[in-house]
Amino acid sequence: MSRPAVAHLLFGLVCSLAISCSDVDQGASDAAAEAAAMAAKRKAEADRAARIDSITRRFSPIGLRRDVIRSASHLDSIRHAYAPAGETYLAYRAFATVNRKDIQFFRIGDTVMIPDTIMSDRRAYSVFPQYYEHGDTIPKIVFVSNKWQAYACYEYGELVRFAAVNSGEERKPTFPGRYAVNWKARLRLSSLDSTWRLPYTVNFHQYAGLAFHQFEMPGRPVSHSCVRQFLPDAEWLFKWVRQAKFDSTRRPIPFTGTPVVVLDVFDYSRRRGGPWWDITSTRDVVLALPKEPLELEEALVPMSQIPKDVRGALPNRRRYVAADSILRERGVIRQDVSLRESINFNKLRRERKARAAAAEEARKREEEAKAKRATTTVGGSE
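Rules behind the numbers
- Residues numbered from 1 in each chain as written.
- Predicted model: local features only at pLDDT ≥ 70, side-chain atom pairs only at ≥ 80, totals over all residues.
- Heavy atoms only, no water.
- Phe/Tyr/Trp six-rings, centres within 6.5 Å; stacked < 30°, edge-to-face > 60°.
- Helix = DSSP H or I, 4+ residues; strand = E, 2+ residues; numbered from the N terminus.
- Buried < 20%, exposed > 50% of the residue type's maximum accessible area, 1.4 Å probe, protein only.
- Lys NZ or Arg CZ within 6 Å of the ring centre and 35° of its normal.
- Pairing = 2+ DSSP bridges.
- Axes fitted to C-alpha atoms, helices over the stretch in contact; angles between N-to-C directions.
- Contact = heavy atoms within 4.5 Å.
- Core = buried A, V, L, I, M, F, W, Y, C linked by side-chain atoms within 4.5 Å.

Caption draft 1: Representation of the packing of aromatic side chains within the structure. This model, assessed by the stated rule, comprises 14 aromatic pairs. Judged by centre distance (4.2 Å) and plane angle (10°), the rings of Tyr82 and Phe95 are stacked. Of this pair, Tyr82 sits in the loop between α2 (72-81) and α3 (89-99) while Phe95 sits in helix α3, and the two are 13 residues apart along the sequence. Ring geometry for Tyr151 and Phe212: centres 5.8 Å apart, planes at 75°, overall edge-to-face. Highlighted residues: Tyr151 in strand β4 (residues 150-155) and Phe212 in strand β9 (residues 210-214), separated in sequence by 61 residues. Like Phe212, Tyr151 is buried. Pairwise contacts between aromatic rings join Tyr151, Tyr179, Phe204 and Phe212 into one cluster. Between Lys101 and the ring centre of Phe106, over which it is positioned, the NZ or CZ distance is 4.5 Å. Here the basic side chain of Lys184 rests over the ring of Phe238, its NZ or CZ set 5.2 Å away from the ring centre.

Now the structure itself:
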């Protein structure tokens, strides 16, 4: 074999060995990368499991005792023990939360729930799960339970706030379904009645005017569709939620703010209290939350709940027209219940004021005409 042929053969062998070694090295590198990825995945799963365990076990059960206010002295002792100031403030906040009712609304003969432990962190009294597994990829979401008169705020699956509410009364209910925050205002005078001062308003239905805000909390669903809260909860929620993005005309773009889901319907056949009267421990109930909350049906709101002067701006008007019958078929609205129309009390006052001014003007003209006739008569007799 010639010397060039030998050289060529040796060169080929060297190249083959190099490629083989390169393949071995690449295979080892791929195996190491795969092993590292698996190890990282196992660590992430272990960290997630540890986090979930820590969240779900952070509060011990709290006992709840049902009592009835028997006398004036008993009422006074409750008002003293849960006074909303000073050393009893934390007790007041816990007491008001579990009762869904502010202290000044209690009367002799009322039922009252007494927690056996006072916690500054009111998530300890939650009827919602401490961890929401289907929400661990959702930055922020609010769930409202009409049935339990409470809401829960979650960040990536972790409960970060539990609060009491008083939602809409039966003829002006807070309808179940999916909403989202549109805008918020530190102090809002109601567009329907400017005498209603609404601190920390968070709007979640642009046309019906549905909103979270602070207002009186008598312990029942009594609002005009809005979700009432205690002042500290209203302020916290106001700061926490993200409002919608706005288009070029400064109108909120639908469903770009923090998601809000109203889960259920209050049992209006129950004339007093609610299901929170029927439990003896915070572990007696943990509400089931939807697996796909962002895919839920957008809330149906009947046309009667939209103020007349904004109905012309409604998108998908037919949906609002059909909502009443659909909600009755689903049992959300009881068949014998007539919903109350949204009334613009500001407009009614303006109209009454205008009528009164017109009547006063007519009266003045009539008096002037009478005076003129009387002067004419006197002048003629002379």
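Caption draft 2: Region of interest: the sheet that holds strand β5 (residues 158-164). Spatially, β5-β4-β3-β11-β6 is the arrangement adopted by the 5 strands of the open sheet, whose pairing is mixed. The sheet is open, and its two edges are formed by β5 and β6 (177-180), each paired on a single side. Sheet twist, expressed as the average angle between the axes of neighbouring strands with direction ignored, equals 20°. As paired elements, strand β3 (residues 141-145) and strand β11 (residues 259-262) share 3 bridges and run parallel to each other. Residue pairing across strands places Phe143 opposite Val261, the latter belonging to β11. Along the sheet, helix α4 (residues 231-240) makes contact with β3, β4 and β5, crossing β4 at roughly 35°.

Caption draft 3: Representation of the nonpolar core within the structure. Grouped together as the largest cluster of nonpolar side chains are 36 residues, with contacts concentrated most on Val142, Tyr151, Phe175, Tyr179, Phe212, Leu237 and Val260. At the level of elements, β3, β4, β8 (197-205), β9, α4, β11 and α5 (317-329) are the ones that each hand at least two residues to this core. Membership of the second largest hydrophobic core comes to 29 residues, among which are Ile62, Val98, Trp148 and Trp276.

Caption draft 4: Structural detail: the sheet that holds strand β10 (residues 227-229). Spatially, the 4 strands line up as an open sheet ordered β7-β8-β9-β10, and their pairing is mixed. Both edges of this open sheet fall to β7 (183-189) and β10, since each of them pairs with a single strand only. Strand-to-strand twist in this sheet, taken as the mean axis angle between neighbours without regard to direction, amounts to 25°. One ladder, built from 6 bridges, connects β7 with β8; its direction is antiparallel. Note on β8: the bridge partner recorded for Trp183 is Asn203. Along the sheet face, α4 touches β7, β8, β9 and β10 and points at about 45° away from the line of β8.

Caption draft 5: Summary view of the pairing of β6. Of the two faces of β6, both are covered, the one formed by Gly177 and Tyr179 as well as the one formed by Arg178 and Ala180. Pairing of β6 with β11, which is carried by 4 bridges, proceeds in the antiparallel orientation. Within the sheet, the bridge partner assigned to Ala180 lies in β11 and is Pro259.

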